[in-house]
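Residue-level listing of the chains:
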Amino acid sequence: MNKLKIAVQKSGRLHDDSMKILKEIGISVDNGKDQLKASARNFPLEIFYLRNGDIPQYLRDGVVDAAIIGENVLVEKGDDISIIERLGFSKCKVSIAVPKSSNAKSLKDLDGKRIATSYPNTVNQFLDKDGIKANLHIINGSVEIAPNIGLADGICDIVSSGSTLFKNGLKEIEVLLKSEAVLATSPRISNENQTLIDKIQFRLQSVIKGRESKYVLLNAPNEKLNDIINLLPGMKSPTVLPLATEGWSSVHSVINKNDFWNVIDELKANGAEGILVCPIENMVL
C-alpha cells in the first residue's frame with residue numbers, strides 16, 4: 001500500500017506538539033530513539049524527522065508529501081509552499097529587537113544600521129516594502145549576542161516569551177510577523193496521497209475545533225429559556241430537555257472557549273443554574 005510521507009521537526013517544542021496532535025487524531029507511531037523515519041501502525045503514513053530549515057526543500061522536491069512546520073520557516077524558505085491548515089500551537093513572533101539603551105522604536109529607525117538575523121529573506125521583505133536600507137549580518141544561532149559584541153545595532157529573531165531578549169539586555173520594538181505551526185503540502189503530491197492528506201486534515205480540523213470549544217450543560221427556568229438559548233447558538237441549536245421539576249429545562253450546547261466567561265456571566269444573569277462545563281476532545285462537523 002502506498003504511504004503518505006509527513007515531515008516533522010526532529011526535536012524541540014514543535015516536535016512534541018506535532019506528535020501530540022497526531023496521537024489525538026488517532027495515529028499511532030512507533031518512533032524509537034534517534035530514528036529519522038517511523039511508520040504509523042494504524043494509518044498508511046510515514047513520519048520523517050528532519051531539521052526544520054530543511055523541510056521546505058524536501059516538500060519542494062516531493063521527498064515528503066506534507067509537513068507540520070512553523071509558518072515562519074515557510075515565510076523564510078518556502079513561500080511557494082501551500083499551507084492548507086493552521087494548527088494553533090507552537091506560536092511565536094518574528095521580531096525586531098534592539099538594546100534597551102537604544103532610541104530606535106521601529107524597523108524604520110534602523111535605516112542605514114546593522115541588523116543581525118537568521119531570517120534574511122524575511123527581513124529583506126519588510127525592508128524592501130518600507131524602502132529601508134540596512135546591512136544584514138546573517139548568523140545561525142545566538143543572534144541575541146550580536147548587539148552586545150558590537151556586531152549589530154539590532155536583531156531580527158524568533159520571540160516566544162521574550163525572556164531571552166530580556167536576559168541579553170534587548171527590547172522588542174516591532175513584530176514583523178506572527179507564526180504558528182501549519183500543515184503544508186508538497187506541490188508534487190500525488191492524487192492518491194492527496195486523498196490521504198484530506199483525511200488527515202479532516203481529523204485535524206475536528207481536534208482543533210474541539211480545542212476551541214467547551215460543552216455546557218445547565219438548568220434553566222422556562223420563562224427565561226428563549227433568552228438563554230439566544231446566548232447558546234451551539235453547532236446548529238441547543239438541545240433542550242424537560243426536567244422532572246416543573247417549569248425547568250436542561251440545556252446542552254457548545255460555546256467558544258474565548259467567549260466562555262462572558263457567556264457564563266450572562267447565563268447566570270438570566271437565571272441559569274447548575275452550570276457544568278466539559279472539555280471537548282473532537283468536534284466532527
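Residues numbered from 1 in each chain as written. Predicted model: local features only at pLDDT ≥ 70, side-chain atom pairs only at ≥ 80, totals over all residues. Heavy atoms only, no water.

## Focus: the overall build of the protein chain
- The helix and strand tally for the protein chain stands at eight helices and 15 strands.
- On C-alpha atoms alone, the protein chain measures out to a radius of gyration of 24 Å, which is more than a quarter above the 19 Å that the 2.2 N^0.38 rule sets for 285 residues.
- Judged by the C-alpha coordinates and their principal axes, the protein chain covers about 75 × 55 × 35 Å.
- A buried classification covers 44% of the 285 residues belonging to the protein chain.
- Sequence separation of at least 24 residues holds for 69% of the intrachain contacts in the protein chain that already meet a minimum separation of 6.
- When the accessible area of the protein chain is evaluated, it comes to approximately 15100 Å², of which 47% is carbon and sulfur surface.
- When the 35 positive and 35 negative side-chain charges of the protein chain are each reduced to one mean point, those points stand 4 Å apart. (Helix = DSSP H or I, 4+ residues; strand = E, 2+ residues; numbered from the N terminus. Rg over C-alpha atoms; globule rule 2.2 N^0.38 Å. Buried < 20%, exposed > 50% of the residue type's maximum accessible area, 1.4 Å probe, protein only. Contact = heavy atoms within 4.5 Å. Areas by Shrake-Rupley, 256 points an atom, 1.4 Å probe, with all protein chains shown as cover. Lys, Arg positive; Asp, Glu negative; His and termini not counted. Charge placed at Lys NZ, Arg CZ, Asp CG, Glu CD.)

## Quick word on the pattern of salt bridges
- One pass over the full model with this rule turns up seven salt bridges.
- Arg 51 serves as the salt-bridge partner of Asp 54, at 3.0 Å between the closest nitrogen and oxygen.
- In this structure Asp 54 comes out as partly exposed when scored by relative accessible area, which is 30%.
- For Arg 60, the salt bridge goes to Asp 80, with nearest N and O atoms at 2.9 Å. Pair noted here: Arg 60 is in helix H2 (residues 55–61) and Asp 80 is in the loop between helix H3 (71–77) and strand E5 (82–86), with a separation of 20 residues, a long-range link.
- Exposure remark for Arg 60: the relative accessible area of 23% places this residue in the partly exposed category.
- With relative accessibility at 43%, the residue Asp 80 sits in the partly exposed group. (Salt bridge = Lys/Arg side-chain N within 4 Å of Asp/Glu carboxyl O.)

## Focus on the sheet that holds strand E8 (residues 135–138)
- Spatially, the five strands line up as an open sheet ordered E8-E7-E9-E6-E10, and their pairing is mixed. In this open sheet, the two edge strands, each paired with only one partner strand, are E8 and strand E10 (170–179). Averaged over neighbouring strand pairs, the angle between their axes works out to 25° when direction is ignored.
- Bridging between strand E7 (residues 114–117) and strand E9 (residues 154–159) involves three bridges; their strand directions are parallel. For Ile 115, the partnering residue across the bridge sits in E9 and is Gly 154.
- Together, strand E6 (92–99), E7, E8, E9 and E10 form the strand contacts of helix H4 (residues 120–130), whose direction differs from that of E8 by roughly 165°. (Pairing = 2+ DSSP bridges. Axes fitted to C-alpha atoms, helices over the stretch in contact; angles between N-to-C directions.)

## Points about the layout of surface pockets
- Here the largest pocket defines a volume of roughly 870 Å³.
- At the level of elements, helix H1 (13–24), H3, E9 and helix H5 (163–167) are the ones that each hand at least two residues to the lining of the largest pocket.
- The dominant element in the lining of the largest pocket, judged by the number of residues it contributes, is H3, at four residues.
- Taken together, the residues that form the lining of the largest pocket break down as 12 nonpolar, 16 polar and six charged.
- Put simply, the second largest pocket is a space of about 250 Å³.
- A class-by-class count of the residues in the lining of the second largest pocket yields three nonpolar, one polar and six charged. (1 Å grid on protein atoms, 1.4 Å probe; cavity = no way out; pocket = protein on both sides within 12 Å on 5 of 7 lines; lining within 4 Å. Points joined across faces, edges and corners; volume = space filled by probe spheres on them. Nonpolar A, V, L, I, M, F, W, Y, C, P; charged D, E, K, R; others polar.)

## With respect to H4
- What H4 keeps buried is the set Pro 120, Thr 122, Val 123, Phe 126 and Leu 127. What you see down the axis of H4 is that its buried residues fit within an arc of 165°, all on one side. In H4, the exposed positions that point more than 90 degrees away from the buried face belong to Asp 128 and Lys 129.
- Contacts made by the buried residues of H4 are with H3, E6, E7, E8, E9 and E10.
- Downstream of H4 by one or two residues, Gly 131 has phi in the positive range, about 65°. (Arc of directions from axis to C-beta.)

## Remarks on the nonpolar core
- The biggest cluster of nonpolar side chains holds 29 residues, and the ones touching the most others in it are Ile 27 and Ile 68.
- Of all the elements in the fold, those that place two or more residues in this core are strand E1 (4–9), H1, strand E3 (45–50), strand E4 (66–70), strand E11 (181–185) and helix H6 (191–211).
- Beyond its immediate stretch of four places on either side in the chain, Ile 27 contacts Leu 22, Ala 40, Asn 42, Phe 43, Leu 45, Ile 200 and Arg 203.
- Counting 15 residues, the second-largest nonpolar core is a separate cluster that includes Val 94, Ile 96, Ile 132 and Ile 173. (Core = buried A, V, L, I, M, F, W, Y, C linked by side-chain atoms within 4.5 Å.)

## Considerations on the packing of aromatic side chains
- Counted by the stated rule, this structure contains one aromatic pair.
- Arranged with centres 4.6 Å apart and planes meeting at 70°, the rings of Phe 260 and Trp 261 form a pair that is edge-to-face.
- What makes Phe 260 buried here is its relative accessible area of 12%.
- Residue classification places Trp 261 among the exposed positions, given a relative accessible area of 59%. (Phe/Tyr/Trp six-rings, centres within 6.5 Å; stacked < 30°, edge-to-face > 60°.)

## Some points on the side chain of Ser 18
- In this structure, Ser 18 sits in helix H1.
- Ignoring sequence-local partners within four residues, the contact set of Ser 18 consists of Val 8, Ile 68 and Phe 89.

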